[in-house]
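Structural overview for review
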Amino acid sequence: MNKRAVQAIGVAVVTGMLFLQAMVAGGVASEEMGMVMDAMRNLRRADNVQYELVSFTRGEETTQKIWVDLLTENWLEELSVQDDDGMVVFWKRFFSGSEEWMSDGQSGWETVETSSSVPGINIITEFPLGVDDIAETEYLEEEECKKIIFTVCDDVLEEHKQDFLALLEAERQDERMQEISYQQYEDTSYKNASIVYSIDVNGQLREVLFSMDVTQPEILLNAGGKYVLGEKEAYQMGYSAKVVSVNDMEVVKKIEKCAAEVNAMQ
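Residues numbered from 1 in each chain as written. Predicted model: local features only at pLDDT ≥ 70, side-chain atom pairs only at ≥ 80, totals over all residues. Heavy atoms only, no water.

Regarding the overall build of the chain
The line we're drawing: In this description a helix means any DSSP run of H or I spanning at least four residues, a strand means any run of E spanning at least two, and both kinds are numbered starting from the N terminus. For every residue, the accessible area obtained with a 1.4 Å probe (protein chains only) is divided by the maximum for its type, and the residue is called buried under 20%, exposed over 50%, and partly exposed between those limits. Residue contacts are defined here by distance: any two heavy atoms, one from each residue, within 4.5 Å place the two residues in contact. The method behind every accessible area is Shrake-Rupley, applied with a 1.4 Å probe, and residues are considered shielded solely by the protein chains displayed.
When its secondary structure is counted, the chain shows six helices and 11 strands. Burial statistics for the chain: of 266 residues in total, 46% are counted as buried. Long-range pairs, those at least 24 residues apart, make up 58% of the contacts in the chain between residues at least 6 apart in sequence. Of the roughly 13,800 Å² of accessible surface on the chain, a fraction of 46% belongs to carbon and sulfur atoms.

Have a look at this one:
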């Protein structure tokens with residue numbers, strides 16, 4: 001990656017993940033959608049869940065490992081971001097039910113403004129599309145699981161792009177990076193989006209995979225210290241969500257151990 005683009009990584013990652021999150025909206029059930037929603041309902045009824053999210057976009061990969069106690073609403077997140085130069089950023093977040101704490105693994109735990117929502121939980125517990133949003137549905141029966149593949153209509157991608165641009169417009173407040181980020185996404189196109197759900201023989205949701213093709217100009221920092229748009233590049237963008245365990249006491253122990261660390265800092 002061009003070294004002048006290093007300082008633009010934060011915007012590229014954050015805005016990319018915001019766009020993925022913006023894809024989530026309510027839907028109307030079809031037969032295949034009903035299978036997925038039943039599996040998601042099983043997860044919502046669980047006592048605890050451990051899952052891993054991997055988001056990928058041009059040259060960057062973000063890994064989130066999440067442990068959540070659905071009875072107490074306490075959760076722990078371990079997050080790492082790695083770019084194509086091997087640079088890694090790591091931190092932890094812990095939510096105690098009323099307060100959120102963050103640690104970089106070096107300077108202890110500090111309280112932060114809380115969102116209270118479990119990171120990425122909607123990906124494995126809420127279906128994001130309505131019948132009219134789906135261009136094609138494919139059902140595959142495999143030995144250990146069944147896979148349901150939904151191809152998203154291009155019109156839906158364009159609609160969410162415009163919604164996201166409106167969000168950037170409202171928040172940019174004449175700052176340089178927000179301005180260039182708006183221009184970048186205005187010149188971005190999205191195609192071939194699909195969501196794959198893997199459900200095991202017990203009706204348990206095991207994995208969600210979302211991907212789409214993106215054509216987008218790169219953000220660069222020129223010799224004069226100004227952010228500019230570079231050439232357009234084509235790449236894939238998306239995420240995977242893997243359910244690691246359900247109703248496992250090790251999840252509770254992991255959260256309790258973190259809570260003890262936080263309490264010791266007070």
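Here's the deal with the packing of aromatic side chains
Defined as follows: Aromatic contacts are taken between Phe, Tyr and Trp rings whose centres are within 6.5 Å, Trp giving its six-membered ring; a plane angle under 30 degrees counts as stacked, one over 60 as edge-to-face, and the others as tilted. Geometrically, a lysine NZ or arginine CZ counts as sitting over a ring once it is within 6 Å of the ring centre and also within 35 degrees of the ring normal.
Per the counting criterion, the structure on display carries six aromatic pairs. Ring centres 5.9 Å apart and planes at 25° place the aromatic pair Trp75 and Phe95 in the stacked group. Here the residue Trp75 occupies a position in strand β3 (residues 74–83), and Phe95 occupies one in strand β4 (residues 88–95), the gap between them amounting to 20 residues. Of the two residues, Trp75 and Phe95, both sit in the buried class. For the ring pair Phe164 and Tyr185, a centre distance of 5.2 Å and an interplane angle of 70° mean the geometry is edge-to-face. A residue pair is termed long-range when its members are at least 10 positions apart, and Phe164 in helix α4 (residues 154–171) and Tyr185 in helix α5 (residues 176–186) qualify at 21 residues. In terms of burial, Phe164 and Tyr185 fall into one category: buried. Following the ring pairs from residue to residue traces out a cluster consisting of Phe127, Phe150 and Tyr197. Residue placement shows Lys254 over the ring face of Trp67; its charged tip is 4.7 Å from the ring centre.

Notes on helix α2 (residues 31–44)
Put simply, the rule is: Each residue after the first adds 1.5 Å to the expected span of a helix.
A rise of 1.5 Å per residue sets the reference length of α2, with its 14 residues, at 20 Å; its end C-alpha atoms lie 20 Å apart and thus fit the reference within 8%. Along α2, the residues that are buried comprise Met33, Gly34, Val36, Ala39, Met40 and Leu43.

Focus: the environment of Ser181
Inspection of the secondary structure assignment puts Ser181 in helix α5. By relative accessible area, which is 2% here, Ser181 ends up buried.

Brief notes about the nonpolar core
Applied cut-off: Residues belong to one nonpolar core when they are buried, are Ala, Val, Leu, Ile, Met, Phe, Trp, Tyr or Cys, and are joined through side-chain atoms within 4.5 Å.
Core analysis: the biggest nonpolar cluster contains 46 residues, and Tyr51, Ile124, Phe150, Tyr197, Leu205 and Val208 have the highest contact counts within it. Setting aside residues no more than four positions away along its own chain, Phe150 makes contact with Glu32, Met33, Val36, Phe127, Leu129, Ile134, Glu136, Thr137, Ala193, Ser194, Ile195 and Tyr197. Trp67, Trp101, Cys258 and Ala259 belong to the second largest nonpolar core, which has 10 residues in total.

Here's the deal with the confidence of the model for the chain
Note the threshold: Per-residue confidence from the prediction method is given by pLDDT, with values spanning 0 to 100.
Per-residue pLDDT for the chain averages 84, and the proportion of residues at 70 or more is 83%. Here residues 1–15 is modelled with pLDDT under 50, and outside its nearest four sequence neighbours on either side it reaches 37 contacts, counting other chains as well. Under a pLDDT of 50 for its full length, residues 24–28 has, in the predicted model, 16 contacts with residues more than four places off or in other chains.

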